[in-house]
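Geometric and topological summary
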Amino acid sequence: MDARANGRRRAWQRVKSMFQRTQNINLSPIKTIELLASKIPDVISLAQGIPSFDTPEIVKRAAIKALNRGVVAKYSLAYGLYELREAIEQKLAEDGMYYDFEKEIIAIAGSIEGITASLISIIEPEKNEVIIFSPDYTSYSEAIKVAGGKPVFVNLTEPAYSQRDDWKIDFNDLKAKINSRTAAIMFSNPNNPTGAIFTKDDLLKIAELAAGANALLISDEVYKDFLYAEIGKEKMFSLAQIPELRKKVIRIFSFSKAYSMAGWRIGFLHSDEENINEILKVHDSLVTCAPVIAQHAAMAALDFGGEEIIKFVNEFKNRREIMLNYLSELSDFFECQSPLGSYYVFPKIKFKPKHKIVLDVLTQRQIDSPSWQVALDLLYGAKVAVVPGQAFGPAGENHIRLSFGRSRKDIEQGMARIIKYLKQ
Amino acid sequence: MIKIAKKFIRWKLKIFAKAYLSRVKPLVIVIAGTTNRYWIKEAILQSLNNKKLSARGNKKNFNAEIGLPLSILGLQPNNEKSKLTRWIKILGKALAIAVFAKNKTKYLVLEMAIDRPHDMKYLLSIVRPQIVVLTSITLIYPENFSSLDLIAKEYSKLISSLPKTGKAILNADDERIILLKESAASEVITYGINNQKADYLAKDIIKVADGQEFKIQTPEMEIRTLKIKRFGLHHICASLVEQIILEKII
């Protein structure tokens, strides 16, 4: 029996030794929360980062038409469909970004595929550090590790909630951490989870620092259409608009949020031809091409989806107000600012949860995390799923992320439950 | 029922578009081909507008059986939720434009798209251009066209529809398009990057930080340098066509 047990242990060790590279890669904490939430009857999720809307009818019809035409069963070029890339170039030009659709744009299978392909193509053994901000999108650090790199966090400075302020880049921290090993600086703008929008001056400063270290910039702009304050009346500034930076910037966009097409897995990235030539090789190895039916749908989204985006933005603006009104009733428990972009609120926690919850699926770090404990408290006590701030890096600790991309009903019922539970 | 309604709308729009064209008499420049129509149209419109000439073109992808007459009339579908109300309003506006619109538009720059055989015949029953620009022939609707030669055959109808006083501006780099010279009764002007026989030839193309620099060799063998703030060879082609329009048409 002992011999058999030892044999099994040795076999397990052998298997483990085969997966050295993935040992330190974690599933997204958002998925963990959603998995836990799925087991609770009548739970409301304010955790999911996808819009509550269905894909616009005109986009669905285009996909059905393409399906019936019999043109979706074959691969497209690795770059993507010619017509889609032509449409993307036109759209980019409207936003003051000039890229050649034939050689400088790739249709990707969702933003994370484009991000991962970019990281794999730029990370080298001697240049393997990628700077990401904290808080920022939870999957960046894991994508960097998948690509064989090392995530280096630079904290964003928390706003003074008493004033009209926003999360800002800590340039002293950035200067201290950027060096010759830095392969890239990667960030979402507008920021997920804070909704902050980086100013043109700040973005140019980042570009200047990156140039000094010969590092690339990966600008993830999947929430660029969701702008709410006065700044929203103008189009958002992107480093990809600066011609001199086109060799230094890889810009990512996804149709998931703007056109409610998360399940279609479609987006695009663009950069100078020299960068695209390298990223394309990885993209081709990973996915051959973006899903062709989704590429046809994306074409319709670009051509006819503009009005839908306006509707979405107006509705999200209303939902943001609803959520902030509820949060104002919870001023003893949370403090937050009104987000300028994306569809998340990222309140700071001002209380200690009622119980400490320990679960097998959690790591010790998660068990010890105040934001995890608050998220679990709300999940099991109020039956509302929220994302613990720790998921967004060290500076996200002591916060939770609430999504107002969910339906009004979910927001109203979810927030009412949280208020009732916390004020008990 | 939907099919009947669609046929009715198509027919009405065609009548209104033809009425508008016969009354206003703009010079019609059609850009056809399977790629790069948009940028050529934009380059031409930009030039015409720079010269303060009254010109307009298609909005979005309104370039086929329904979209083309809408573009001729300067219309696009509104946001009405009900399709019936939407089309009743559009037809009302189309009628008003066809009958009452003032004679302002001097140039109509129209993309024309086909996705099945015989589409061209229908589109030509709406509008007969004086100038045709052909861009390229690639297999974009394989379910409807079994070969590139069949697509070329459709475009030959467009070229042969030109009046003797018209002009066919052909991409000399596309072998099928250059063969369409034979269908033309009008003057033919060619442009290209690779074909040294092109009337307007782009050469010495250099990518610079904020665009592309290149030389244009004209039929008079004159060589001049241009710079555009765009990337990609398709913009060079658009620029060549723009030069042809500026020098040979306006």
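The coordinates are above.
Attention here is on the structure that accompanies the text.

The rules behind these values
Residues numbered from 1 in each chain as written. Chains lettered and ligands numbered in written order. Predicted model: local features only at pLDDT ≥ 70, side-chain atom pairs only at ≥ 80, totals over all residues. Heavy atoms only, no water. Helix = DSSP H or I, 4+ residues; strand = E, 2+ residues; numbered from the N terminus. Buried < 20%, exposed > 50% of the residue type's maximum accessible area, 1.4 Å probe, protein only. Lys, Arg positive; Asp, Glu negative; His and termini not counted. Charge placed at Lys NZ, Arg CZ, Asp CG, Glu CD. Polar contact = N/O pair within 3.5 Å; in protein donor to acceptor, adjacent residues only side chain to side chain. Contact = heavy atoms within 4.5 Å. Axes fitted to C-alpha atoms, helices over the stretch in contact; angles between N-to-C directions. Parallel < 35°, antiparallel > 145°, perpendicular 65-115°, else oblique. Nonpolar A, V, L, I, M, F, W, Y, C, P; charged D, E, K, R; others polar. Phe/Tyr/Trp six-rings, centres within 6.5 Å; stacked < 30°, edge-to-face > 60°. Buried area = accessible area lost by both parts, 1.4 Å probe. Salt bridge = Lys/Arg side-chain N within 4 Å of Asp/Glu carboxyl O. Pairing = 2+ DSSP bridges.

Comments concerning the overall build of chain A
When helices and strands are tallied, chain A shows 15 helices and 15 strands. C-alpha extents for chain A along the principal axes are approximately 65 × 60 × 50 Å. Burial statistics for chain A: of 424 residues in total, 57% are counted as buried. Distance between charge centres in chain A, computed from 55 positive and 52 negative side chains, equals 7 Å.

Some remarks on the side chain of N189 of chain A
Residues and elements named next belong to chain A. Here N189 lies in the loop between β6 (182-188) and α8 (200-212). A distance of 3.0 Å separates the side chain of N189 from the backbone nitrogen of F198, its partner in a polar contact. Setting aside residues up to four positions removed in sequence, N189 forms contacts with A196, I197, F198, L203, D220, E221, M236 and F237.

Some thoughts on the packing of helix α14 (residues 370-382) of chain A against helix α15 (residues 408-423) of chain A
Residues and elements named next belong to chain A. Contact geometry for α14 and α15: axes closest at 10 Å, N-to-C directions at 100°. Comparing the axis directions of α14 and α15 gives the class roughly perpendicular. The residues of α15 that touch α14, namely those facing D377, L378, G381 and A382, are R417, I418, Y421 and L422. Partitioned by chemical class, the residues of the contact of α14 with α15 number five nonpolar, one polar and two charged.

Examining the packing of aromatic side chains
Residue and element names in this part refer to chain A. In total, this model carries 25 aromatic pairs over all chains according to the counting rule given. An angle of 45° between the planes, with centres 5.4 Å apart, marks the rings of F253 and F268 as tilted. With F253 in strand β8 (residues 249-254) and F268 in strand β9 (residues 267-270), this residue pair connects regions lying 15 residues apart in the sequence. With a relative accessible area of 3%, F253 lands in the buried category. The class of F268 is buried, set by a relative accessible area of 4%. Taken together, the aromatic side chains of F53, Y223, F226, F312, F316, Y343 and Y344 make up a single cluster linked through ring pairs.

Some thoughts on the interface of chain B and chain A
Each partner contributes to the interface: chain B provides 22 residues, whereas chain A provides 20 residues. For the pair chain B and chain A, the summed buried area comes to about 1900 Å², and 51% of that belongs to carbon and sulfur atoms. When the buried surface of chain B facing chain A is broken down by residue, W39, K207 and F231 of chain B rank first, second and third, together holding 24% of it. In this structure, E273 of chain A and K207 of chain B form a salt bridge, with 3.8 Å as the shortest nitrogen-oxygen distance. On the surface where chain B and chain A come into contact, there are seven residue pairs in polar contact (both at pLDDT 80 or more). Among the elements of the structure, α2 (37-50) and α8 (233-249) of chain B are those that each provide at least two residues to the side of chain B that touches chain A. The element that contributes the greatest number of residues to the side of chain B that touches chain A is α8 of chain B, accounting for three residues.

Digging into the side chain of Q337 of chain A
As for its position among the elements, Q337 of chain A is in the loop between β10 (334-335) and β11 (344-345). Reaching out from Q337 of chain A, the side chain makes a polar contact with the side chain of D166 of chain A at a distance of 3.0 Å.

So, the pairing of strand β8 (residues 211-217) of chain B
Consecutive residues of a regular strand have side chains that alternate between opposite faces of the sheet. Residue and element names in this part refer to chain B. Counting buried positions along β8 gives five out of seven residues, so the element sits mostly inside the fold. Where strand β7 (residues 200-208) lies against β8, six bridges are found, and the strand directions are antiparallel. Bridging from a neighbouring strand, V208 pairs with G211 of β8. The turn joining β7 and β8, which pair antiparallel and follow one another in sequence, is formed by two residues. Two elements, β8 and strand β9 (residues 223-228), share six bridges in a ladder whose sense is antiparallel. Its bridge partner lying in β9, Q217 is registered against I223. Counting the residues in the hairpin turn of β8 and β9 gives five residues, including M221, whose phi is positive at 65°.

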